[in-house]
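# Structural characterization, general
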Amino acid sequence: MEVHDTVSFHLAGIIPIAGQDLDFNMPWHDCLMPIAQNYLAIERAVVECAYAGCETIWVVCHDDMQPLIRHRLGDWANDPVWEYRLRSRFPSQSKKEIPIFYVPISVSDRGKRDCLSWSVLYGAVSAYKTAHMISKWVTPDKYYVAFPYGVYQPWVVQPYRKQISHKNRFYLTHNGESVINGKYLSFTFDGDDFKMFRDHLREKATGMYTKGGPGVKNETLPVEERYSARRFGLEDVFNIARVDKSTKLFEVPWYFSIDSWEDYCYYITSDERSTVKRPSKRILHYHEFNPIGDGEGRDDDE
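A short tour of the structure in this document, coming up. Residue positions within a chain follow its written sequence, with the count starting from 1. In view of the model being predicted, local features appear only for residues whose pLDDT reaches at least 70, and side-chain atom pairs are presented and counted only at 80 or more, with totals across whole chains, interfaces and linings using the full set of residues. Neither water nor hydrogens contribute to the side-chain values; these are computed over all heavy atoms in the structure.

### Things to note about the nonpolar core
Counting 89 residues, the largest nonpolar core has Ile17, Val59, Ile69, Tyr144 and Phe187 as the members making the most contacts within it. A run of H or I in DSSP counts as a helix once it spans at least four residues, and a run of E counts as a strand once it spans at least two, with each numbered from the N terminus. A per-element tally of this core places helix α1 (residues 41–52) first, with 9 residues. Apart from residues lying up to four places away in sequence, Val59 is in contact with Ile15, Ile17, Ile42, Leu73, Ile100, Phe101, Tyr102 and Val103. Nine residue types can take part in a nonpolar core, namely buried Ala, Val, Leu, Ile, Met, Phe, Trp, Tyr and Cys, and a core is a set of them joined through side-chain atoms within 4.5 Å. Each residue's exposure class comes from its accessible area (1.4 Å probe, protein chains only) as a fraction of the maximum for that residue type: buried when under 20%, exposed when over 50%, partly exposed otherwise. In what follows, a contact means two residues having at least one pair of non-hydrogen atoms within 4.5 Å.

As structure tokens, this is what we get:
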């Protein structure tokens, strides 16, 4: 029997936001749309990462989005599995905080290739580089992607935590479709997959000029053909994902896309919507890490 040590396995949660251009036209960012009373789309993605067993969560967003998003999420979430281990000898000491980091897309990528798919890849490389500066022993072994624009119960992944924190790939599906088909369903990838997706995006994407061979003069592309990556859908990048016999697939009972006003209205009027509730404050609550020498962390009740 294979023994897998999930204690030393670093699963980094990636929540891509930057690059998605929806039609809500609200004063706030689209990821802040409510999916239930006092429960926002991005909060559901954070809770899913917590249930999946992520050790860190990386929210990929532009600088101008960050203050309001951070004001809602704070600096960490709590691991629900550790939070409810009430039979442990010291329950208050067995809790596990999952830090949330906010990653701004590079200025050089904005308006050029900052689609949602690139946010996934940029979040992964940012998590790797940041962790590697601390120690090679804390670099992520795998990345778990959770999207704000797909709605299903986040706790459905909890029974599969050991399978998610494993070298084999893990994909959520609905009606046999997954992120490969452009659905906002979570999946995992590792460093080799990252290189494959990145190279595929670079190969498909256009720049300012045509890609000529040796000795061929590059010409300026028409405006509508430049920087095509900024318009890529999930399926344009992740359709080459490798799904083999070792890949773990889990079919979610129900799923709604909320990437347009019409789809959002369809979800809000569904029967499933009434089953979606904001998690307990023991899992999701606003906290800030302590500034040095400034006493205890602050939450939104203070």
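### Looking at the packing of α1 against helix α2 (residues 66–73)
Helix-helix packing is described using two parameters, namely the angle between the two axes and the distance between the axes. Only C-alpha atoms enter the line fits that serve as axes; for helices the fit covers just the stretch in contact. Angles between N-to-C directions range over 0 to 180 degrees. At their nearest, the axes of α1 and α2 sit 11 Å apart, and the two run at 55° to each other. Between α1 and α2, the interaxial angle falls into the category oblique. Read as a crossing pair, α1 and α2 show a hand that is right-handed. Contacts between α1 and α2 involve Ile42, Glu43 and Val46 on the former and, on the latter, Ile69, Arg72 and Leu73. Each residue is assigned to one class: nonpolar for Ala, Val, Leu, Ile, Met, Phe, Trp, Tyr, Cys and Pro, charged for Asp, Glu, Lys and Arg, and polar for all the others, Gly among them. Residue composition of the contact of α1 with α2, grouped by class: 4 nonpolar, no polar and 2 charged. Roughly parallel refers to an angle under 35 degrees, roughly antiparallel to one over 145, roughly perpendicular to one between 65 and 115, and oblique to any angle outside these ranges. Crossing handedness follows the turn of the near helix against the far one: under a right angle anticlockwise gives a left-handed crossing, and clockwise gives a right-handed one.

### Points about a negative patch on the surface
There is a patch of like negative charges on the surface, built from Asp21, Asp23, Glu262 and Asp263. Tracing the backbone through its elements, the reader meets Asp23 in the loop between β1 (11–16) and β2 (34–36). The patch calculation keeps residues exceeding 30% relative accessible area without a salt bridge and links them within 9 Å when they carry like charges or within 5 Å when they are nonpolar (Val, Leu, Ile, Met, Phe, Trp, Tyr). With residues, only the protein chains shown are counted as cover, and all accessible areas are computed by Shrake-Rupley using a 1.4 Å probe. Each salt bridge in this description consists of a side-chain nitrogen of Lys or Arg and a carboxyl oxygen of Asp or Glu lying within 4 Å of one another. Positive charges are assigned to Lys and Arg, negative charges to Asp and Glu, while His and the chain termini are left out of the count. Every charge is mapped to an atom, namely NZ of Lys, CZ of Arg, CG of Asp or CD of Glu.

### Things to note about a nonpolar patch on the surface
A cluster of nonpolar side chains, contributed by Met26, Trp28, Leu68 and Trp261, occupies part of the molecular surface with about 370 Å² of accessible area. Examined against the element boundaries, Trp28 turns out to sit in the loop between β1 and β2. The class of Trp28 is partly exposed, set by a relative accessible area of 36%.

### Brief notes about α1
Multiplying 1.5 Å by the residue count of a helix minus one yields the expected span of that helix. Given a rise of 1.5 Å per residue, 12 residues ought to cover 16 Å, and the 17 Å separating the end C-alpha atoms of α1 matches this to within 8%. The buried count for α1 comes to 12 of 12 residues, which makes it a mostly enclosed element. Looking at α1, one finds that the buried residues are Ala41, Ile42, Glu43, Arg44, Ala45, Val46, Val47, Glu48, Cys49, Ala50, Tyr51 and Ala52. Gly53, located one to two residues past α1, shows a positive phi value of around 95°.

### Brief notes about the packing of helix α4 (residues 116–134) against helix α6 (residues 191–204)
Where α4 contacts α6, the two axes come as close as 11 Å, and the packing angle between them is 135°. Judged by the inter-axis angle, α4 sits oblique to α6. Once α4 is placed against α6, the crossing between them reads as left-handed. Residues Trp118, Leu121, Ala124 and Val125 of α4 form the contact with α6, whose own contacting residues are Phe194, Phe197, Arg198 and Leu201. Its residues assigned to classes, the contact of α4 with α6 shows 7 nonpolar, no polar and 1 charged.

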